[in-house]
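Below are the chains, spelled out letter by letter.
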2 protein chains.
Amino acid sequence: MRRYAILAPAQFAENAKTAHGVIRYSNDETVAVVDPSCAGRMVRDVVPYLESSAPFVASVADALQFKPTSLLIGTAPKGGKLPEEWRAEILSAIAAGLEIVSGLHDMLGDDPQFAAAARRHGVRIWDVRKPPDVPLFSGSAYDVKAPVVLAVGHDCAVGKMTVMLELARAAREVGANAEFVPTGQTGIMIAGWGISVDRVISDFATGASEHLVIEAARRNPEYILVEGQGAINHPAYAPVTLALLFGCAPDALLLVVDVKRTSMETYGTPTLPYSRLIAMHEDLCATVKPASVVGIALNTFGLEESAAAEEIARASAETSLPADDVVRNGAARLWEAIAPALIKRHPLSAKVVA
Amino acid sequence: MRRYAILAPAQFAENAKTAHGVIRYSNDETVAVVDPSCAGRMVRDVVPYLESSAPFVASVADALQFKPTSLLIGTAPKGGKLPEEWRAEILSAIAAGLEIVSGLHDMLGDDPQFAAAARRHGVRIWDVRKPPDVPLFSGSAYDVKAPVVLAVGHDCAVGKMTVMLELARAAREVGANAEFVPTGQTGIMIAGWGISVDRVISDFATGASEHLVIEAARRNPEYILVEGQGAINHPAYAPVTLALLFGCAPDALLLVVDVKRTSMETYGTPTLPYSRLIAMHEDLCATVKPASVVGIALNTFGLEESAAAEEIARASAETSLPADDVVRNGAARLWEAIAPALIKRHPLSAKVVA
């Protein structure tokens, strides 16, 4: 069990998806957050739904009074580069004997200064995104016995990980053995295993995805719930989405949509309507290994209750699929609605699609 | 100008796509091929269409009489691993002062034994697949002035690179300034620049594709012809295909099909018919930056003349697009047929697709 100090200077409120995920879903405890812009307040004062009373502090030095074991880099900036002004804080944590946990693309363990300091102080640097060596895709994922469900969405950062964590919990609460499969840095920090597929060399990204599903299958779950990444029409990150779609060889897809989102970041690319999203994913899968969208998880965060209910009803009416917001309404209902559709399809069905 | 000895023991005839591409299209000369199984014969005796009189020899030592400057690793095995039994031959080439040119995933320059030998003998190791640092996709490819044409296909190794090299030559022969953009190891060896996109970290694969197009645009070409990779429904390599499709921001697509191919390697995944291939690519592009398939390049290698003509006529009739085999019939006709369709589309058209 770790006790985290989280480093997110000036970024915790708006730009710390990793920190929020760990505070909300990890079994590890967060004891303090380093963000001088909020110093003196508590996490729940700034991000109420995290329900955490961990204090904000101005520096790593100030965090030490709360006896952290580890410093977590709490943000995942685009491109994954370390902001240079964080270097001194990380060195100060290493000097205090704290383990460093980072989900950046920049590998902190490969940085000569951090590596030397870590050696000197006997501290571990866990670069969560560093992938293991994985083989090429082989097709062995087609032989996995449990049905594989993959979250797909209409954009990045809409809540795919959250939905799959909530559904796995709901499944376990009704006695079903569901295994959550992490495919990105935050999921890995929460579950303690996984591969950040976006960090894998492109030729091996489907192989990494397959490897994750096979790893999960070794634990003999009844269901395998895979955290998705990106969106199939995301101008920058769609290749990772497609690697999961083919490499995990899912039997079913769960569509995750933030109803407030209409376009992607700065690219101007529109997010797609339900009908087109469903058709596009099913069409791609049909030619490799068929999979259907079995439900829709809506992110209605910030909407009034009535507006949220309307969006959920509209999604269901437009698609004839079960739909719900699993954060707002709990995941039990959506799990109950989709579970009957999670059956294992014939592994060789790809061969008969012409 | 290099003088290549090519290393392809027991593999030249059947499994040396890289060697064949370099012999056929590079300005560098191939002076010998190390393949003991063919020793005593000439390249054209084994692979007639290469039209090369370079001799096969049994070892690197035997190749030295032909005064090579460089040893080219002539095959690209799945997964890109170096066969251990080739190590001695490579060390013997380094000891003889030959530059080493390799397109393997295994980076020979990072191998301690090769690196030490290269240092000792003052020899360069060019790992063609080693990618430069590239930024994330930014959308700046949308501002490139010349129309960008990307080759897409129904499988790997059907001739996408060959088609784009032939079309670039045909274009230049009628006075059009067409720039070939290499995206894989063989293309890079031939053109002397490029990025092996399959080797780039997944998150950066669209950025690498964008970078290539921007590099090509710096040379002020009238047309940019991008070598494609994989296939959009390839179970293992589709993510690389999609990275090029979005990252290069093509204005037009050229479909490359080997008419003899009906399924992919060992996966059992069927290759798709023209109509479905066209719809799938155009559907994906429509939501990001619209691009249409403007022509079909058939690979009819091995077919009788009449059967080839029939396949070409069928492709054209089924799709209402220009179709030809540019190796069998020359590329002038297909270039003339597609050139009028290669117009620059509005860079912001993505924003109006709903």
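Since we're looking at a predicted model, the values are computed, not measured. (Residues numbered from 1 in each chain as written. Chains lettered and ligands numbered in written order. Predicted model: local features only at pLDDT ≥ 70, side-chain atom pairs only at ≥ 80, totals over all residues.)

**A short note on the packing of helix α4 (residues 87-95) of chain A against helix α5 (residues 112-121) of chain A**
All names here are of chain A.
Part 1 of the argument: As a packed pair, α4 and α5 sit with axes 9 Å apart at the nearest point and diverge in direction by 15°. Viewed along their axes, α4 and α5 adopt a mutual orientation that is roughly parallel. Of the two elements, α4 crosses α5, and the hand of that crossing is right-handed. Listed contacts from α5 to Ile90, Leu91, Ile94 and Ala95 of α4 are Phe114, Ala117, Ala118 and His121.
Part 2 of the argument: Of the residues belonging to the contact of α4 with α5, the class tally is seven nonpolar, one polar and no charged. (Axes fitted to C-alpha atoms, helices over the stretch in contact; angles between N-to-C directions. Helix = DSSP H or I, 4+ residues; strand = E, 2+ residues; numbered from the N terminus. Parallel < 35°, antiparallel > 145°, perpendicular 65-115°, else oblique. Left-handed = near helix turned anticlockwise from the far one by under 90°. Contact = placed C-beta atoms within 7 Å. Nonpolar A, V, L, I, M, F, W, Y, C, P; charged D, E, K, R; others polar.)

**Comments concerning the sheet that holds strand β12 (residues 323-324) of chain B**
Part 1 of the argument: Ordered in space as β8-β9-β7-β10-β11-β12 (chain B), the six strands form an open sheet in which the pairing is parallel. The strands lining the two open edges of the sheet, one partner per strand, are β8 (178-181) and β12 of chain B. (Pairing = 2+ DSSP bridges.)

**As for the pairing of strand β7 (residues 148-153) of chain A**
Residues and elements named next belong to chain A.
Part 1 of the argument: Along β7, six of the six residues are buried, which leaves the element largely enclosed by surrounding structure.
Part 2 of the argument: As judged from the three bridges shared by β7 and strand β9 (residues 223-226), these two strands associate in the parallel manner. Residue pairing across strands places Leu150 opposite Val226, the latter belonging to β9.
Part 3 of the argument: As judged from the five bridges shared by β7 and strand β10 (residues 252-258), these two strands associate in the parallel manner. The partner of Ala151 across the bridge, within β10, is Leu254. (Buried ≥ 20, exposed ≤ 12 C-beta atoms within 10 Å, placed from the backbone.)

**Regarding the domain arrangement of chain A**
Residues and elements named next belong to chain A.
Part 1 of the argument: As assigned here, chain A comprises domain 1 (3-127) and domain 2 (140-352).
Part 2 of the argument: A total of five residues in the side of domain 1 that touches domain 2 trace back to one element, the largest contributor, which is helix α1 (residues 17-25).
Part 3 of the argument: For the side of domain 1 that touches domain 2, the class distribution of residues is four nonpolar, five polar and one charged. (Domains from an automatic or database assignment.)

**Looking at the environment of B:Gly40**
Part 1 of the argument: Among the structural elements, B:Gly40 can be located in the loop between β2 (29-34) and α2 (43-46).
Part 2 of the argument: Note: C-alpha distance between B:Gly40 and B:Thr319 (279 residues apart in sequence) is 48 Å.

**Topic: the relation of the copies chain B and chain A**
Part 1 of the argument: Aligned on chain A, chain B shows an RMSD of 0.0 Å; the corresponding rotation is 180° and the shift along the axis is 0.0 Å. Given the turn and translation reported, the copies of this chain are related as if by a two-fold rotation axis.
Part 2 of the argument: The fraction of interface residues of chain B whose copies in chain A are also interface residues reaches 100%, indicating that both copies meet through the same surface. (Least-squares fit on C-alpha atoms with pLDDT ≥ 70 in both.)

**A short note on the interface of chain B and chain A**
Part 1 of the argument: Contacts between the two partners involve 40 residues from chain B, matched on the other side by 40 residues from chain A.
Part 2 of the argument: At the level of elements, α8 (205-217), α9 (238-247) and α10 (274-286) of chain B are the ones that each hand at least two residues to the side of chain B that touches chain A.
Part 3 of the argument: The biggest single contributor to the side of chain B that touches chain A is α9(B), with six residues.
Part 4 of the argument: Tallied by class, the residues present in the side of chain B that touches chain A amount to 25 nonpolar, nine polar and six charged.

**Thoughts on helix α6 (residues 160-173) of chain B**
Note: α-helices contain 3.6 residues per turn, so residues at a spacing of three or four share the same orientation.
All names here are of chain B.
Part 1 of the argument: For α6, with 14 residues, the first-to-last C-alpha span of 20 Å sits near the 20 Å given by 1.5 Å per residue.
Part 2 of the argument: Of all 14 residues in α6, 11 are buried, a share of seventy percent or more.
Part 3 of the argument: Every buried residue of α6 is accounted for by Lys160, Met161, Thr162, Val163, Met164, Leu165, Glu166, Leu167, Ala168, Ala170 and Ala171.
Part 4 of the argument: Gly175 lies just past α6 and shows a positive phi near 85°. (Expected span 1.5 Å × (residues − 1).)

**Quick word on the sheet that holds strand β6 (residues 125-127) of chain B**
Residue and element names in this part refer to chain B.
Part 1 of the argument: With parallel pairing, the six strands of this open sheet are ordered in space as β3-β2-β1-β4-β5-β6. This sheet does not close on itself; its edge strands, each paired only once, are β3 (56-57) and β6.
Part 2 of the argument: In this sheet, strand β5 (residues 99-102) lies alongside strand β4 (residues 70-73) in parallel orientation, the contact comprising three bridges. Of the residues in β5, the one forming a bridge with Leu71 is Ile100.
Part 3 of the argument: Strands β1 (3-7), β2 and β4 of the sheet are contacted by helix α1 (residues 17-25), whose axis makes an angle of about 150° with β2.
Part 4 of the argument: Of the strands in this sheet, β1, β2, β4 and β5 touch helix α4 (residues 87-95), which is tilted by about 140° from β5.

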